[in-house]
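# Coordinate inspection notes
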Amino acid sequence: MNSVGIEKNVYRGFLFDFYGELLTEHQKKIYSDHIINDLSYTEIGAYEGISRQAVFDLVKRCDSILEDYEDKLKLVKKFLDTNERISRIHELSEELMNSTDDYKLRNKISEIEKISKDIYESY
């Protein structure tokens, strides 16, 4: 499932954030209760009036649906890759800021930092 090297439920949360609106209302409710609200299959089943197995099957189906969207669109991967590159820009600009006293260079580095922060916050 998770090809990007992050914890399974964090990855599932990203999938839900990016593609959750493409699920039915019922699927969204059950999936978010399990993944986002961390409720057990039994708790959800009792609340929704369905069996634990039905909840399990629905969550598994949603995982498959969301994974299919990710396989086709790669939005989570692109988001995580972009965040990784922004972090690297930040590290490099910090190193440069700490290694120079040149006022013009420091201003350019600050501008780069601002742009990378704006990109990060626009997601």
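In short, a report on the structure.

The rules behind each value
- Residues numbered from 1 in each chain as written.
- Predicted model: local features only at pLDDT ≥ 70, side-chain atom pairs only at ≥ 80, totals over all residues.
- Heavy atoms only, no water.
- Helix = DSSP H or I, 4+ residues; strand = E, 2+ residues; numbered from the N terminus.
- Expected span 1.5 Å × (residues − 1).
- Contact = heavy atoms within 4.5 Å.
- Buried < 20%, exposed > 50% of the residue type's maximum accessible area, 1.4 Å probe, protein only.
- Arc of directions from axis to C-beta.
- Phe/Tyr/Trp six-rings, centres within 6.5 Å; stacked < 30°, edge-to-face > 60°.

### Description of helix H5 (residues 75–99)
With 25 residues, H5 ought to run about 36 Å at 1.5 Å a step, and its terminal C-alpha atoms sit 36 Å apart, in line with that. Those residues of H5 that are buried lie in contact with helix H1 (8–19), helix H4 (52–73) and helix H6 (103–121).

### Brief notes about helix H3 (residues 41–48)
Since the α-helix packs 3.6 residues into each turn, any two residues three or four apart lie on the same face. Among the residues making up H3, those that are buried are Tyr 41, Ile 44 and Gly 45. Buried residues of H3 fall within an arc of 100° about the axis and therefore sit on the same side. Those residues of H3 that are exposed and aimed more than 90 degrees away from the buried face are Ala 46 and Tyr 47. Residues of H3 that are buried sit in contact with helix H2 (25–35) and H4. Where H3 ends, the next residue or the one after it, Gly 49, has phi of about 75°, a positive value.

### With respect to the packing of aromatic side chains
The geometry of an aromatic ring pair is captured by two quantities: the separation of the ring centres and the angle between the planes. Applying the stated criterion across every chain yields a total of 6 aromatic pairs. Between the aromatic rings of Phe 16 and Tyr 31, the centroid separation amounts to 5.8 Å while the plane-to-plane angle is 35°, which identifies the pairing as tilted. With Phe 16 in helix H1 and Tyr 31 in helix H2, this residue pair connects regions lying 15 residues apart in the sequence. Exposure class is identical for Phe 16 and Tyr 31. Each is buried. Look at Phe 18 and Tyr 19: their rings are 6.4 Å apart centre to centre, the planes differ by 50°, and that puts the pair in the tilted class. Residue class for Tyr 19 comes out buried when judged on its relative accessible area of 1%. Joined through ring pairs, the aromatic side chains of Phe 14, Phe 18, Tyr 19, Tyr 69 and Phe 79 make up one cluster.

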